[in-house]
Amino acid sequence: MGFIIRMPEESRDDTIFAHPIEEEFAKLLDYYHIEWQYEPRTFVLARGESGNIIEAFSPDFYLPGQDLYIELTTMRPKLITRKNRKLRRLRELYPHINIKLFNRQDLRNMMIKYGLDDQAAAILGTQAQDDDK
Amino acid sequence: MSAYYPPEAYGELTEGIREILITAEEIEARVLEMGQAISRDYEGCNPLLVGVLKGVVPFMAALLPAITIPIEVDFMAISGYGPEAGNDGGVRLEKDLNVPIAGRHVLFVEDVIDTGLTLSYLLRNLRSRKPASLKVCALFNKSRRRLIDIPSNYIGFELPALFVVGYGLDYRERYRNLPFVGLLKPEVFQPAEE
């Protein structure tokens with residue numbers, strides 16, 4: 001299917017995050033000196049008859065040291081079906097790719113663990129993220 | 001007869017627990033097995049056991065007498081990520097080891113491996129000091145949320161990726177003294193879902 005590679009930003013300050021939880025996650029990685037890239041690669045999931053891309057998926061983070069992609073979602077479980085389907089499709093088409101999904105509960109528990117009550121509360125109040133990236 | 005008080009003796013702490021996942025007796029038995037394995041593997045090596053404060057304290061206290069060979073022990077402490085940590089400066093070593101570890105066989109003892117972020121930082125730090133060997137022993141493992149791959153040599157129990165407390169695991173510094181591990185009731189740590 002193929003993929004599109006985007007040049008990573010130099011640092012967190014240069015990165016425009018789509019969601020506040022992504023920025024918090026980047027801060028956490030920076031704190032522990034873990035190298036990361038934000039949405040460095042878009043995986044093509046489906047093409048139309050003329051070869052145009054009709055479905056794609058850009059995982060939020062890539063950790064080069066771990067060769068691991070991370071997708072974060074604050075969507076409610078009942079709204080996560082489409083994202084799960086995309087992840088399944090990505091794993092089918094790109095079986096060598098390591099990707100982990102951190103769901104709403106994972107992220108909320110992580111924020112609580114680090115004492116970040118405001119961020120945990122924000123996840124509670126979050127509506128579905130844009131699922132079309 | 002168990003050496004621990006029954007769960008109900010812990011009053012309001014136990015009231016915050018939805019379900020006991022691992023009993024004190026199960027932990028005790030598993031720690032003995034881990035101690036036996038370590039005694040076998042490190043025979044003649046005089047290993048240095050290194051723990052990171054504070055969560056490891058109950059595990060380390062139980063593990064030490066379960067090991068039947070000569071060992072030494074030391075502790076480290078690091079700053080944790082959080083609202084009061086001054087996060088932009090990165091993680092800081094708040095207490096270093098008292099002994100050099102170059103050429104020593106080091107066994108890093110941890111209460112739980114979760115994302116692996118803290119442990120990976122500490123292992124990188126220790127590796128830079130050129131120990132003869134460096135292995136990891138953790139009582140609990142939450143592999144579901146692992147971000148950093150940690151080669152762990154001794155694992156006690158696998159835990160679900162949920163809020164669990166007891167036996168060193170805390171919520172806001174509480175529950176560490178429970179001799180068992182339990183699921184925290186959601187109402188203790190979060191408001192009701194809207």
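Here goes a summary of the coordinates provided. (Residues numbered from 1 in each chain as written. Chains lettered and ligands numbered in written order. Predicted model: local features only at pLDDT ≥ 70, side-chain atom pairs only at ≥ 80, totals over all residues. Heavy atoms only, no water.)

**Section: the sheet that holds strand β1 (residues 17–22) of chain B**
Residues and elements named next belong to chain B.
Consideration 1: Across the sheet, 3 strands lie side by side as β1-β9-β8; this open sheet has antiparallel pairing. Among the strands making up the open sheet, the edge pair consists of β1 and β8 (164–165).
Consideration 2: One ladder, built from 2 bridges, connects β8 with strand β9 (residues 181–184); its direction is antiparallel. Residue pairing for β9: Val165 is matched across the bridge by Gly182. (Pairing = 2+ DSSP bridges. Helix = DSSP H or I, 4+ residues; strand = E, 2+ residues; numbered from the N terminus.)

**Focus on the nonpolar core**
Consideration 1: Judged by nonpolar contacts, the single largest core of 59 residues is most densely connected at Tyr32(A) and Phe61(A).
Consideration 2: One finds Tyr42(B), Val112(B), Tyr154(B) and Tyr167(B) within the second-largest nonpolar core, a separate group that totals 29 residues. (Core = buried A, V, L, I, M, F, W, Y, C linked by side-chain atoms within 4.5 Å. Buried < 20%, exposed > 50% of the residue type's maximum accessible area, 1.4 Å probe, protein only.)

**Considering the interface of chain A and chain B**
Consideration 1: Of the residues lining the interface, 33 residues belong to chain A; the matching set on chain B comes to 35 residues.
Consideration 2: With both sides pooled, the region where chain A packs onto chain B buries about 3000 Å², and carbon together with sulfur makes up 53% of that total.
Consideration 3: Taken together, chain A and chain B are joined by 3 salt bridges.
Consideration 4: A salt bridge links Asp114(B) to Lys113(A), with the nearest nitrogen and oxygen atoms 3.4 Å apart.
Consideration 5: Across the chain A-chain B interface, the total number found is 13 residue pairs in polar contact (both at pLDDT 80 or more). (Contact = heavy atoms within 4.5 Å. Buried area = accessible area lost by both parts, 1.4 Å probe. Salt bridge = Lys/Arg side-chain N within 4 Å of Asp/Glu carboxyl O. Polar contact = N/O pair within 3.5 Å; in protein donor to acceptor, adjacent residues only side chain to side chain.)

**Some remarks on the side chain of Arg145(B)**
Consideration 1: Locating Arg145(B) in the fold gives a position in the loop between β6 (133–141) and β7 (154–158).
Consideration 2: A distance of 2.6 Å separates polar atoms of two side chains, one belonging to Arg145(B) and the other to Asp114(B).
Consideration 3: Among residues more than four places away in sequence, those in contact with Arg145(B) are Lys100(A), Phe102(A), Asp106(A), Asn109(A), Met110(A), Asp114(B), Thr115(B) and Ala161(B).

**What about the sheet that holds strand β5 (residues 105–113) of chain B?**
All names here are of chain B.
Consideration 1: Pairing within the open sheet is mixed, and its 6 strands lie in the order β4-β3-β2-β5-β6-β7. Lying at the two open borders of the sheet, with one neighbouring strand each, are β4 (93–95) and β7. The average angle at which neighbouring strand axes cross in this sheet is 30°, direction not considered.
Consideration 2: Where β5 lies against β6, 8 bridges are found, and the strand directions are parallel. Bridge assignment links Val112 to a residue of β6, and that residue is Phe140.
Consideration 3: Against the sheet, helix α2 (residues 24–41) engages β5, β6 and β7, with an angle of about 165° to β7. (Axes fitted to C-alpha atoms, helices over the stretch in contact; angles between N-to-C directions.)

**What to know about the pattern of salt bridges**
A side chain with one charge can pair with a side chain of the opposite charge if their charged atoms come near.
Consideration 1: One pass over the full model with this rule turns up 17 salt bridges over all chains.
Consideration 2: Residue Glu71(A) pairs with Lys83(A) through a salt bridge whose shortest N-O separation is 2.6 Å. In this pair, Glu71(A) is assigned in strand β6 (residues 68–72) and Lys83(A) in helix α2 (residues 81–93), connecting sequence segments 12 residues apart.
Consideration 3: In this structure Glu71(A) comes out as buried when scored by relative accessible area, which is 0%.
Consideration 4: Of the charged contacts in the structure, one is a salt bridge between Arg104(B) and Glu72(B), with a shortest N-O distance of 3.5 Å. Highlighted residues: Arg104(B) in the loop between β4 and β5 and Glu72(B) in strand β3 (residues 72–78), separated in sequence by 32 residues.

**Focus: the state of the cysteines**
Each disulfide consists of a covalent bond between the sulfur atoms of two cysteine residues.
Consideration 1: On inspection of all chains with the given rule, the structure shows 0 disulfides over all chains.
Consideration 2: The thiol sulfur of Cys137(B) is not disulfide-bonded, and the nearest other cysteine sulfur, from Cys45(B), lies at 15 Å. (Disulfide = S-S within 2.5 Å.)

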